[in-house]
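This is what each chain is made of:
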Amino acid sequence: MTNALTHPPLGDRIPALEGVRALAVLLVLGFHGGLGVLGGGHLGVDVFFVLSGFVITRGLLQETRTTGRISLARFWARRSARLVPAAVLSVVAGGVLFAFLSSPKERVEVATDGQASLVYLANWRFISQATSYFKPTVQASPFLHMWSLSVEEQFYVVWPLTIAGLSWVLLRWRRTPTPSVWLLGSLALAATAWTARVIAVGSEAHAYYGTDARAYQLLWGAALAAAMSGGWTLAARAARWVAPVAAVAVVWLAVQPFGSGPTRGMYVTAPALLLCAALSSPGGGFAARVLASPPMVWLGGLSYAVYLWHWHLVVALDRVVVASAPVRTAVISVGSIGLAMLSATVVEGPVRRWVHGHSRDRTVALGVVAGGLTMAMAATLALAPLMTSGSFAMLRAADRPGFSRTAALSASETPIPERLNSGRLAPYTDGEACINVVVTDQQTCRAVDGAGLTVLVVGDSHIGDLLPGFSATAAAQGATLHLITVAGCPWQQGLATVHDSEKCVSMQDALYGAWLDDLAPDVVVLGGHPLLEREFRVHRRGGAEQLEVGEVTSATTTSLELVSAPGRAVVVLGPRPSAPFDSTSCIGAARFQEECMFAAAIDATAQEDALLEALGADSDVTYVSMATLLCPRLPICDPIVDGLLVRSDKDHVYPVFAQHLAPALWAVFEAAATGG
């Protein structure tokens, strides 16, 4: 290593760092496009944080060293010109697009997300809502991606004040205005310790979205900037091998994800720092030449706008067509780059050029900041009324790409029945006590107590919503019904989801322990949510890697062997397709049933294939396709079947429809018990 910072000078722009931005946004595009090979592509956001801390602090320290002060007005004016116009345009346009593709209820729910995004508080909004970054895009907020931009904007407000304050103190104490690497490094180390604590004892949402939990990445970038402003740099020979190794490490972590999202962010921070250090030193070698190539620099310059627009396309695309991951990624990438180019040409470029040419005037700079705030606040006030306006008619399913191939859909306009789902619900008896309770060896949950057939039903909320029908039918048949449901809990032994809980552990332990023998059921009924949907991220308990189809099949086979016994019938209820919108709110706003139809997702089909493969030729296990019961015209799912509303939300069965299904399902249970 050397102490001579010979290339490039601190104030100069480093083209290869633009290439790092391009690499980061490509990882994010691949991840949100659903490419399995980039299961950890969200680490591109972590790279952005490190890079932002480095670049912003580098510029602030340069200004401090050359002028002895920081012009806060000019800094914030440039940030406002860079960020606010494009963000306002993207959020408003994305909100309008979402309004065409969502139900009125959904629009009301996410309008507040958009407002929080416009004032750069989206991350705290999602923390308060415990929103998962990894939920399926059809269920995600169209403004979810704004969390990271909110973190950065909060940093841009606080950090210049911090540097200015430190410079003022240091100038009077040490006669130097530049904070030392030791001081900023200590702040970064303290922030890292705090993040580790949040990961250990806080919520996953806080650990992922929190500004305090993300500060360490920005501060490590700032510490690197302080080191290099003090004259430290990598020797040319070291930079030539550090740059490619660090770049490969970043990509490898994106390809081979392990641990939770916040934990993976900690892993990628070190290689991101090394990459910035190597590219900012002389002799970055082949890696520097690739990242500084014209295409990478061009894409890096557009990366902010690409990131702004891509998520709106992700959410919209999943609501209008079923496509493979490569196709989705290609469409999202091309579309977001095209919109970014348009945005940069029409909005960002002219505004930035004018501000850069006039921001040396302090009055003009303050005016730009005030204008940015006014623009954001005006959009915030207008967004909710705009999104919830009755002028937006929800796009008919029959008119969406991927559906037009079915002539019957595009030609039909079926009125919605006036007395939809009318009728009296049967009482739940004491079955409400059966939902989400912790099972012990001494406690069972008897929903109905009779002298006939004994049926044990186990699963998550996707089998719990059938309780009204099962309870009524069991009571009518004089049967005994035992039922335990734990939300988000697979019935397969040892499997867990992102919604794992102590109740789930207790339920599985009881089921595969002494519970089966104690209850001596004639029939065991197993069912649940599709485990291959991205929201659930099914994994083995104690692990973190999402399981593939083959691993789900293996776990299912093993669990069925444990449940099966002589004289005991086993019935498996297959997964049901999830709607891309809330069915009840859609029906409430629709004119015709066709407006609320949807196509069954590929995930549900893959899950059903995995279950059928696990069953194989086992004649002791009966399989019931819930998909065909809920969607008689598969792959098309109708909102109303036999005059009844099928779903109470996106994926749960409406109670009256559950009663409608129960007699036929109970007949299957009886046939399985008698070998019929």
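Everything that follows concerns the structure shown earlier in this document.
Just so it is clear, the structure is predicted and the values come from calculations on it, not from any experiment. (Residues numbered from 1 in each chain as written. Predicted model: local features only at pLDDT ≥ 70, side-chain atom pairs only at ≥ 80, totals over all residues. Heavy atoms only, no water.)

Undergrad: Quick one: what's the story with the overall build of the chain, residue by residue and with numbers?
TA: Assigned secondary structure in the chain consists of 24 helices and 12 strands. Buried positions account for 55% of the 676 residues belonging to the chain. Contacts in the chain between residues far apart in sequence, at least 24 positions, make up 80% of those at least 6 positions apart. Of the roughly 26,800 Å² of accessible surface on the chain, a fraction of 62% belongs to carbon and sulfur atoms. (Helix = DSSP H or I, 4+ residues; strand = E, 2+ residues; numbered from the N terminus. Buried < 20%, exposed > 50% of the residue type's maximum accessible area, 1.4 Å probe, protein only. Contact = heavy atoms within 4.5 Å. Areas by Shrake-Rupley, 256 points an atom, 1.4 Å probe, with all protein chains shown as cover.)

Undergrad: Let's hear about the packing of aromatic side chains: which residues, and what values?
TA: Evaluated as defined, the whole model comprises 10 aromatic pairs. Plain terms: the ring middles of Phe49 and Trp147 are 5.8 Å apart, the flat faces sit at 70° to each other, and that makes the pair edge-to-face. Of this pair, Phe49 sits in helix H2 (residues 43–67) while Trp147 is found in helix H6 (residues 146–173), placing the two residues 98 residues apart along the sequence. Side by side, Phe49 and Trp147 carry an identical accessibility label, which is buried. Centre to centre, the rings of Phe155 and Tyr156 are 6.0 Å apart; their planes meet at 55°, and the pair counts as tilted. On the basis of relative accessibility, which here comes to 6%, the residue Tyr156 falls in the buried class. Taken together, Phe49, Phe126, Trp147, Tyr208 and Tyr209 form an aromatic cluster joined through their ring pairs. Over the ring of Tyr208 we find Arg214; its NZ or CZ atom is 4.6 Å from the centre of that ring. (Phe/Tyr/Trp six-rings, centres within 6.5 Å; stacked < 30°, edge-to-face > 60°. Lys NZ or Arg CZ within 6 Å of the ring centre and 35° of its normal.)

Undergrad: Which residues make up the pattern of salt bridges, and what values do they have?
TA: With the rule as written, the count across this model stands at seven salt bridges. With its nearest N and O atoms 2.4 Å apart, the salt bridge here joins Asp46 to Arg214. Of this pair, Asp46 sits in helix H2 while Arg214 sits in helix H9 (residues 211–229), and the two are 168 residues apart along the sequence. Assigned by exposure class, Asp46 and Arg214 land together as buried. Here Arg633 ties to Asp638 by a salt bridge, and the two come within 2.8 Å at their closest N and O atoms. Note on Asp638: relative accessible area 11%, which makes it buried. (Salt bridge = Lys/Arg side-chain N within 4 Å of Asp/Glu carboxyl O.)

Undergrad: Break down the sheet that holds strand E3 (residues 480–485) for me, with residues and values.
TA: Read from one edge of the open sheet, six strands run E1-E3-E2-E5-E7-E9, paired in mixed fashion. Looking at the sheet topology across the chains shown, the edges are occupied by strand E1 (446–448) and strand E9 (621–624). The sheet shows a mean angle of 25° between the axes of neighbouring strands, taken without regard to direction. Bridge count between strand E5 (residues 523–527) and strand E7 (residues 569–573): five bridges; the pairing is parallel. Each bridged residue has a counterpart across the sheet, and for Val524 the counterpart in E7 is Val570. Contacting strand E2 (454–459), E3, E5, E7 and E9, helix H24 (residues 655–674) crosses the sheet at an angle of about 150° to E7. (Pairing = 2+ DSSP bridges. Axes fitted to C-alpha atoms, helices over the stretch in contact; angles between N-to-C directions.)

Undergrad: If you had to explain the nonpolar core to someone new, which residues and values would you point to?
TA: Membership of the largest hydrophobic core comes to 105 residues, with the highest contact counts inside it found for Trp147 and Leu279. Core analysis: the second largest hydrophobic core is formed by 44 residues, Val457, Ala579, Cys637 and Phe669 among them. (Core = buried A, V, L, I, M, F, W, Y, C linked by side-chain atoms within 4.5 Å.)

Undergrad: How would you explain the pairing of E5 if you had to name every residue and give the values?
TA: In terms of burial, E5 is a largely internal element, five of the five residues being buried. As judged from the five bridges shared by E2 and E5, these two strands associate in the parallel manner. Within E5, the position partnered with Leu456 by the bridge is Val524.

Undergrad: Explain the environment of Asp609 to me, and be specific about the residues and the numbers.
TA: The topology assignment puts Asp609 in helix H22 (residues 602–615). Separated by 60 residues in the primary sequence, Asp609 and Val549 place their C-alpha atoms 8.7 Å from one another.

Undergrad: Now, about the side chain of His652: what can you tell me, with residues and values included?
TA: Of note, His652 is situated in the loop between strand E12 (644–645) and H24. Separated by 2.9 Å, the side chains of His652 and Asp651 make a polar contact. Those residues in contact with His652, other than ones at most four positions away along the chain, are Ser461, His462, Asp465, Arg576, Val646 and Arg647. (Polar contact = N/O pair within 3.5 Å; in protein donor to acceptor, adjacent residues only side chain to side chain.)

Undergrad: Please provide a residue-by-residue account of the packing of helix H1 (residues 15–32) against helix H13 (residues 294–320), values included.
TA: Packing of H1 against H13 leaves a shortest axis separation of 7 Å and a crossing angle of 25°. What the angle tells us is that H1 and H13 run roughly parallel. Classified by chirality, the crossing of H13 by H1 is left-handed. When H1 is examined against H13, the residues Pro15, Glu18, Gly19, Arg21, Ala22, Leu23, Val25, Leu26, Val28, Leu29 and His32 are found in contact with a partner set consisting of Met296, Val297, Leu299, Gly300, Gly301, Ser303, Val306, Tyr307, His310, Trp311 and Val314. Class assignment of the residues belonging to the contact of H1 with H13 gives a composition of 14 nonpolar, six polar and two charged. (Parallel < 35°, antiparallel > 145°, perpendicular 65-115°, else oblique. Left-handed = near helix turned anticlockwise from the far one by under 90°. Nonpolar A, V, L, I, M, F, W, Y, C, P; charged D, E, K, R; others polar.)

Undergrad: Quick rundown of helix H19 (residues 502–519)? Include the residues and the values.
TA: Since the α-helix turns once every 3.6 residues, residues separated by three or four places project in the same direction. With 18 residues, H19 ought to run about 26 Å at 1.5 Å a step, yet its terminal C-alpha atoms sit only 22 Å apart, falling short of that. Approximately 55° is the largest bend angle found in H19, and it occurs at Leu511. Among the residues making up H19, those that are buried are Cys504, Ser506, Met507, Gln508, Ala510, Leu511, Tyr512, Trp515, Leu516 and Leu519. Remark: Ala520 follows H19 within two positions and exhibits a positive phi of approximately 45°. (Expected span 1.5 Å × (residues − 1). Bend = angle between axes of the 7 residues up to and from the residue.)

Undergrad: Describe the pairing of E7, with residues and values.
TA: Along any regular strand the residues' side chains alternate between the sheet's two faces. With five of five residues buried, E7 lies mostly within the body of the structure. Alternating positions in E7 separate into two faces, Ala569, Val571 and Leu573 on one and Val570 and Val572 on the other, with burial throughout. Pairing of E7 with E9, which is carried by four bridges, proceeds in the parallel orientation. Considered in E9, the bridge of Val570 is made with Val621.

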